[in-house]
Amino acid sequence: MQQQQQQQRRKGSATRTWLVISESGKSHVEEVGKHSIMRRTGLPARDLRILDPVLFYPSTVLGRERAIVVNLEHIKAIITASEVLVLNSMDPSVIPFVRELECRVATAAAAAAAATAIKNGSSGEMAVVAKGDGPKVLPFEFKALEVCLESACRRLENETSTLEQEAYPALDELTSKISTLNLQRVRHIKSRLVALYGRVQKVRDELENLLDDDMDMAEMYLTDKLAHQLEDNDSRNDVVDGDSKSDDESDDDLKTNKSSSGNVTGFKPNIEELEMLLEAYFAQIEGTMNKLSTMREYVDDTEDYINIMLDDKQNQLLQMGVLLSTANLFINAGIVVVGLFGMNIQIELFDASPAQFWETTGGTIVGCLIMYLIAIFFGKKGGLLG
Amino acid sequence: MQQQQQQQRRKGSATRTWLVISESGKSHVEEVGKHSIMRRTGLPARDLRILDPVLFYPSTVLGRERAIVVNLEHIKAIITASEVLVLNSMDPSVIPFVRELECRVATAAAAAAAATAIKNGSSGEMAVVAKGDGPKVLPFEFKALEVCLESACRRLENETSTLEQEAYPALDELTSKISTLNLQRVRHIKSRLVALYGRVQKVRDELENLLDDDMDMAEMYLTDKLAHQLEDNDSRNDVVDGDSKSDDESDDDLKTNKSSSGNVTGFKPNIEELEMLLEAYFAQIEGTMNKLSTMREYVDDTEDYINIMLDDKQNQLLQMGVLLSTANLFINAGIVVVGLFGMNIQIELFDASPAQFWETTGGTIVGCLIMYLIAIFFGKKGGLLG
Amino acid sequence: MQQQQQQQRRKGSATRTWLVISESGKSHVEEVGKHSIMRRTGLPARDLRILDPVLFYPSTVLGRERAIVVNLEHIKAIITASEVLVLNSMDPSVIPFVRELECRVATAAAAAAAATAIKNGSSGEMAVVAKGDGPKVLPFEFKALEVCLESACRRLENETSTLEQEAYPALDELTSKISTLNLQRVRHIKSRLVALYGRVQKVRDELENLLDDDMDMAEMYLTDKLAHQLEDNDSRNDVVDGDSKSDDESDDDLKTNKSSSGNVTGFKPNIEELEMLLEAYFAQIEGTMNKLSTMREYVDDTEDYINIMLDDKQNQLLQMGVLLSTANLFINAGIVVVGLFGMNIQIELFDASPAQFWETTGGTIVGCLIMYLIAIFFGKKGGLLG
Amino acid sequence: MQQQQQQQRRKGSATRTWLVISESGKSHVEEVGKHSIMRRTGLPARDLRILDPVLFYPSTVLGRERAIVVNLEHIKAIITASEVLVLNSMDPSVIPFVRELECRVATAAAAAAAATAIKNGSSGEMAVVAKGDGPKVLPFEFKALEVCLESACRRLENETSTLEQEAYPALDELTSKISTLNLQRVRHIKSRLVALYGRVQKVRDELENLLDDDMDMAEMYLTDKLAHQLEDNDSRNDVVDGDSKSDDESDDDLKTNKSSSGNVTGFKPNIEELEMLLEAYFAQIEGTMNKLSTMREYVDDTEDYINIMLDDKQNQLLQMGVLLSTANLFINAGIVVVGLFGMNIQIELFDASPAQFWETTGGTIVGCLIMYLIAIFFGKKGGLLG
Amino acid sequence: MQQQQQQQRRKGSATRTWLVISESGKSHVEEVGKHSIMRRTGLPARDLRILDPVLFYPSTVLGRERAIVVNLEHIKAIITASEVLVLNSMDPSVIPFVRELECRVATAAAAAAAATAIKNGSSGEMAVVAKGDGPKVLPFEFKALEVCLESACRRLENETSTLEQEAYPALDELTSKISTLNLQRVRHIKSRLVALYGRVQKVRDELENLLDDDMDMAEMYLTDKLAHQLEDNDSRNDVVDGDSKSDDESDDDLKTNKSSSGNVTGFKPNIEELEMLLEAYFAQIEGTMNKLSTMREYVDDTEDYINIMLDDKQNQLLQMGVLLSTANLFINAGIVVVGLFGMNIQIELFDASPAQFWETTGGTIVGCLIMYLIAIFFGKKGGLLG
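Anyway, here's the lowdown on the structure attached to this text. Owing to the predicted nature of the structure, the values given are computational and were not obtained by experimental measurement.

About the criteria used
Residues numbered from 1 in each chain as written. Chains lettered and ligands numbered in written order. Predicted model: local features only at pLDDT ≥ 70, side-chain atom pairs only at ≥ 80, totals over all residues. Heavy atoms only, no water. Helix = DSSP H or I, 4+ residues; strand = E, 2+ residues; numbered from the N terminus. Contact = heavy atoms within 4.5 Å. Polar contact = N/O pair within 3.5 Å; in protein donor to acceptor, adjacent residues only side chain to side chain. Least-squares fit on C-alpha atoms with pLDDT ≥ 70 in both. Expected span 1.5 Å × (residues − 1). Buried < 20%, exposed > 50% of the residue type's maximum accessible area, 1.4 Å probe, protein only. Salt bridge = Lys/Arg side-chain N within 4 Å of Asp/Glu carboxyl O. Nonpolar A, V, L, I, M, F, W, Y, C, P; charged D, E, K, R; others polar. Pairing = 2+ DSSP bridges. Axes fitted to C-alpha atoms, helices over the stretch in contact; angles between N-to-C directions.

### With respect to the environment of His28(A)
Residue and element names in this part refer to chain A.
Stage number 1. Residue placement: His-28 occurs in strand β2 (residues 27–32).
Stage number 2. Considered as a pair, His-28 and Trp-18 are ten residues apart in the sequence and their alpha carbons are 8.5 Å apart.
Stage number 3. Sequence-distant contacts of His-28, that is, excluding residues within four places in its chain, are made with Trp-18, Leu-19 and Val-20.
Stage number 4. In terms of polar contacts, His-28 uses its side chain to reach the side chain of Glu-30, at 2.7 Å.

Pasting the structure below:
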């Protein structure tokens, strides 16, 4: 006993500030030690590590026996059947989430109270009306989970929109002018895009995994599990006295119900509600991911486009280089001709009249030009020059 | 009670214009508030958000307890067992869909009326004939769903054809002439292609997901579920009086029927019909996707081809540059020779006859030419020049 | 009744020419309307659309209640338990398929007739011998399906071989000489390769999907389903009189047998035979796909190789350009020197003997050459040149 | 009867040489016709085609009713419950496999004989000891299958090692010197790598597919199936006399046991042993594939590296070209200056002293040099040069 | 018997040094032969091969009948229900793992002893308290497995961090200066990244595979299986005397419980605990993989960026080359002009005053400059020059 207390004191130093929101929508801040949280939520130490802000775990939603561990983007929370424990509640990005959660939970609590009041008045038939009247009321843990999902999805959606507003103009500017500055801006945008895409995909995969595994969803019906467990404790005694026949039947249960916890033996909640909830946010996050994919494709296309443009420009420059070299060649040939007449070897020409100077000059220049034009003509004909 | 009314009034401001098509094929426009739709269709607010034209959700088909939510491309509708609610019904692209839907539903209603009339006359044996006589009559919700799928598939098919007619000529023109204009056209086509591909794939994935999950398909048998539910309500009283044995059996149902809603306990419709319906449109949308993939591959191949062509052109230009440089080199050598004879240092040559001028000139030119040809010969032999 | 006839007349205009091959192996051409086919095969209109040669649906094999719809490459057929309906039977590529089908069916019919004859003579034990004697006899629909698969696989195999014989020489030629002609040939081969790959993959995926879904395979046991259905009709009356116990049991059937049609309730054929048949053709089509993948990788590798080769060639050309520019530089320096001595500014040198001319000339040339060699030496040492 | 014999004679021409290894480890060569193999192993013709060395089927392992068809790399064999039939047994690469198989089977047979001898002496308790004493003895078919897998995995492993020893030096040589020879060597290595990767992946996929499908594994328990079948034949008569109750139960079997053959109805072997066997070879083949993937990545990285290096070299060459052009420019400017003084237009300078010649010469050269250095300075400052 | 001993002696040569950690946390080194390990752990030879350090098997976790084979990164161990056998225990990277394992096991043993002591005092109610008090105590094999996973994950995490600290600066340096040294550093980092990514992915896939297959997880409950087996042995005799009814029921068990070993017939442990354990490490390893993916994307983006930058630089250099060529051209034109006046053909100009020299000079230079500026103007206007 003493040893245990010591251990607790040692570990107790690692307390964190949790914001606790109760079923009634009231919230207060608590300084709770790791060990105490483990006892309160039934979570092992390794599940708490997922929420550790230092370790940068990717988005994860885990259904445990008595709690749902939610690590969705900025939201790090533990949801139990009766309260929500939120980490980092002072973070400016988490505050609106906490407000929304408090408000939503409070409204529901009020509505529930009202409903109970009415029900007590006109019991049975009212329930039937409620049924046909609209969607069912979600249990506390799903109301909290929905606010978490909403907040995470909205945040990702917002970041996507912001990125979109930056990316498209930057890309269009880059295609019109390739400069180191523009390139670095686009590169920065691209790495943000990739990081955001990864985060969105992680949330999407997490939702998909949950939707694919019915038992994981069933695990999340904390309120129902709690209710069932209490009931079970009551009825267990009867079962022991039951005949062997019914025992076989319950064995059968065990088999089908592959991964249920020992405490929820034979408990199979109707996961319809949760499935519907997750599907809706799955559709939203898919929409966000679509936008990001489109942006990514646009970036890749722009890069391909720039590459082709640069290659094409390069060829135009090389063509211009060839044209200039050709021109140079014939001018040099002209220099040779002119140089020949500058040699100190005497010929009759040199004694002639000025007209001959102009004839020579003109002949040289025109000759070079004609040769140049012929060269260009053959170059174009051969297809080398555009 | 009062509180609830107030709430409704506040939210009631967000009314939308829905076109309601009843089972008889008649349609009328209704201004309905969000809350009222929720009550009418049993859908939660988050499912309605999927249909919101502002949020750009990707294509989604969701089977809910009393309604099918259809967000396929331009079609945003809610199908219940007795009516179809269509959003944006004034959109020119939606109008033909609405026409088709009205017509199809009306024909079916007429046929059903006729059939009932006949049946009443010569009951039993007629049913048998009908069975062997052709495919079965689809329930109302599937008739509506089929028109939705048909309209969405046709629209995607049409857009694909349009794009095909634009893309192939543009690409072929680009390969024959790389210009900024052509490049931008192709780039524009490519981004349209990518966007369209994404949309087609989304519809395809949605159909595949439905086909993969039998329970999701079962959820969509609204008419059958309704019928079963009514029946169930009748029989429930008997069950309560039943022996424990039968109770166990129905528990068994619950287990197998993993994700069925509480109201449809023990209800397992024959999903054959819906599977066949979806399979046919799945094949069609796969055909469309195949076309788009082929186009995409063609674009990529064209880009690769252009890149190799540009690189090859570049090398030809560089080769021409080397040829010109070589020529220039020997002309410059000629200039040196000629310049040497232009030096003011006296040698015997300078006192000689004009024949020597021509010999010098010819010797210089021929010497340069020979050296040039030798250089080119070695260049070609060494493999550097093509 | 009248209305229905009218409808039929109207739709009857869309008749097609079908080749009908009966169980006995005899074939005849029939002009059948769409509606009549639907009644004959129990297929809905949308399944018939899959066979429409105008719509270019990808390869599909669908098991329906009373027919198998086969759209494999060039073969568009409907297989029922007693006949095969083939479209486009006049197409030269379809004719060998029809021949093979007739022959195979006729042989089987003859063998069956013989077996029946023998059996009638020496019944029981013979059957046992037959069992140990070789593989079982396939029902009619699978014999037809096998011929379809064989024909489609052989066709794809042949196209692959043809492409292989063209592709490898063309690619090798391209690596040895990059010309626009060779590039276009390879590009053409590549797009054919991509298209063929897509078709082979489609057939492969279709077979894989069938093999993955046991219920889809069970749907294809048309003969067995027919036999079971008849039997069922006989026994149904007894069931109605049966006790509630057995009713529960058959309910149980329904649950497990998730997607079976209403008519085949409780019917679970042994899909072993069909699985074995499909597995064998799956292995063959995988072999074809392997060849195409290898070819595709070869094309991609060749492109990479050409790109590196072109880049390397380019650098060699640029190196040669640098060498030439360097040479030019020093020749130009020579021109300056020579030019200096051509200036009209008098120095003593100009009055000297011819020996000085040669000394100057030699000095200039040798000086330039030495500087050139030094430059090249440093260029090589610095790693820039080769 | 006669017809059948004829048929057999006709087909009998296609005999192959099979090496038959019996349960006792003795082997002999047999010339067996296709038809006779089909009767002996219960395989249909299309399964035999998979072993045909001409058709190049990819690696396949198929469990059939009375035989396992093994086509793993070089090993083409049929395994039945009592013998192994090996094709191509004369192939040098197959001989070690055959040796190993004979040896392994013989040892097992001896051990089994010894065990039986002991058992007969001291029966019951010995069995218990054996259980705790080590892994269980595998049935004949799995011993043979293990030798096949071992041989195929070892061969792939060896080829991978050989390739590794060639690839890494070749790639490193290429990065240090890009020559056509090196490029072609790397290209050849790359295509071998791709082909080997494909083969390894095929074997890996085949093992994974088997591990994923419990029924496929169950099909392979040939000895157990045979034992069960004999037993079944004995017990069937009793079943017929059994009550309807037990009949229902066996129906139930049929349902769960989805794809079992008619002969193995109700037979569900314990697939643990085979799963463990396959898992171990799966891990080995994954190790081989990992090595190949790493090699592949290395090749791709090397290519990227070469591309960047070539591009960088190119820019260095272009930079050098710009430097040379700039130098040339100023030398040409020097030529102009020198040329000016070579003009025949008289100025005072020309009448001056030799000092003026040297002043002019020096001024021109120094002027050009200064201008060149200024140009280079601005080029470097502007970032264009280095 | 003798034969077996001989065999053992022969194989006994292949002894390895194993560190054995018992349930009490005490450890000692043992030299154990392969055969002896096989008997001790019930593993076949091929499972032991997975741990062979020479064969470089990828990370694998296999649940066997009486042992878990763990090959995770540097940790090669066999976990049984009562001890852990560790290979390479002298390896410096394994020592901390061994320490941690000893410590963890010892603490648990102490706690268990304490708990037992307490329980014996105040039995029943204490257990209930413990239940609500925190997470359950893991069986020995999972405690060991958790330490293995923790050690492997931490090692991969550390390597990732080390790589991150090296990679980002190296990449940023490369973008600022492309040198062979920097390129080779980045290339080295990239290949390390790829190798590490492969290892992380292997561990992740292994965990995912385990999480996906409930039966594989169930196999790992060694302690529970052992307990169940003992119990089973006791109860088996009763079963034999049981009625046929209950026999049928247990047959049923067998069917559902598809891949359970014969010894664990009818044993279905609650895999919740193991699932939770694996999920937590799965989340951690996914976090590591995310970091590596991000790094990989960053490397790829950097390469793309460098390529565009190099291409852009190249074009700038070519542009500069064109500018220089153009300048050269006009300077050469100037040389021609100057050369013309150097010809020995007499014109009046030559007899003129020095002013004419300067006019000629100035005219030539200004003319060339103007032509150059015009050329550059048109070049810029035409878009070729920047």
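### Side note on the relation of the copies chain A and chain E
Stage number 1. When chain A is fitted to chain E, the residual RMSD is 0.1 Å, and the transformation amounts to a turn of 72 degrees plus an axial shift of 0.0 Å. This pairing of chains is accounted for by a five-fold axis. The C-alpha atom lying nearest the rotation axis in chain A is that of Gly342(A); the distance is 4.7 Å.
Stage number 2. When the interface residues of chain A are mapped onto chain E, a mere 17% of them again lie at the interface, so each copy presents a different face.

### Examining helix α12 (residues 354–381) of chain D
Stage number 1. In a regular helix each residue adds 1.5 Å, so 28 residues correspond to 40 Å; α12(D) covers 41 Å between its end C-alpha atoms and thus fits that length.
Stage number 2. Every buried residue of α12(D) is accounted for by Phe357(D), Thr360(D), Thr361(D), Thr364(D), Cys368(D), Ile376(D) and Gly379(D).
Stage number 3. Looking at the buried positions of α12(D), the neighbouring elements they touch are α11 (272–342) of chain C together with α11 (272–342) of chain D.
Stage number 4. Of the residues trailing α12(D), Gly383(D) is marked for its positive phi of about 90 degrees.

### Observations regarding the interface of chain A and chain E
Interfaces are frequently sized by the accessible area removed from exposure as the parts join.
Stage number 1. Taken together, the contact between chain A and chain E spans 70 residues of the former and 67 residues of the latter.
Stage number 2. Across the contact surface, chain A and chain E share six salt bridges.
Stage number 3. For the side of chain A that touches chain E, the secondary-structure elements that each account for two or more residues are α2 (34–41), α3 (45–49), β3 (60–63), α7 (180–212), α8 (214–219), α10 (244–256), α11 (272–342) and α12 (354–381) of chain A.
Stage number 4. If you tally residues by element for the side of chain A that touches chain E, the top one is α11(A), at 23 residues.
Stage number 5. Looking at the side of chain A that touches chain E residue by residue, the classes come out as 27 nonpolar, 23 polar and 20 charged.

### Points about the sheet that holds strand β4 (residues 67–72) of chain C
Residue and element names in this part refer to chain C.
Stage number 1. Taken together, six strands build an open sheet; the order of strands is β2-β1-β6-β5-β4-β3 and the sheet is antiparallel. On the outer flanks of this sheet lie β2 (27–32) and β3 (60–63), each paired with one strand and no other. Averaged over all adjacent pairs, the angle separating strand axes in this sheet is 20 degrees, with direction ignored.
Stage number 2. Across four bridges, strand β1 (residues 16–22) lies against strand β6 (residues 83–86) in antiparallel orientation.

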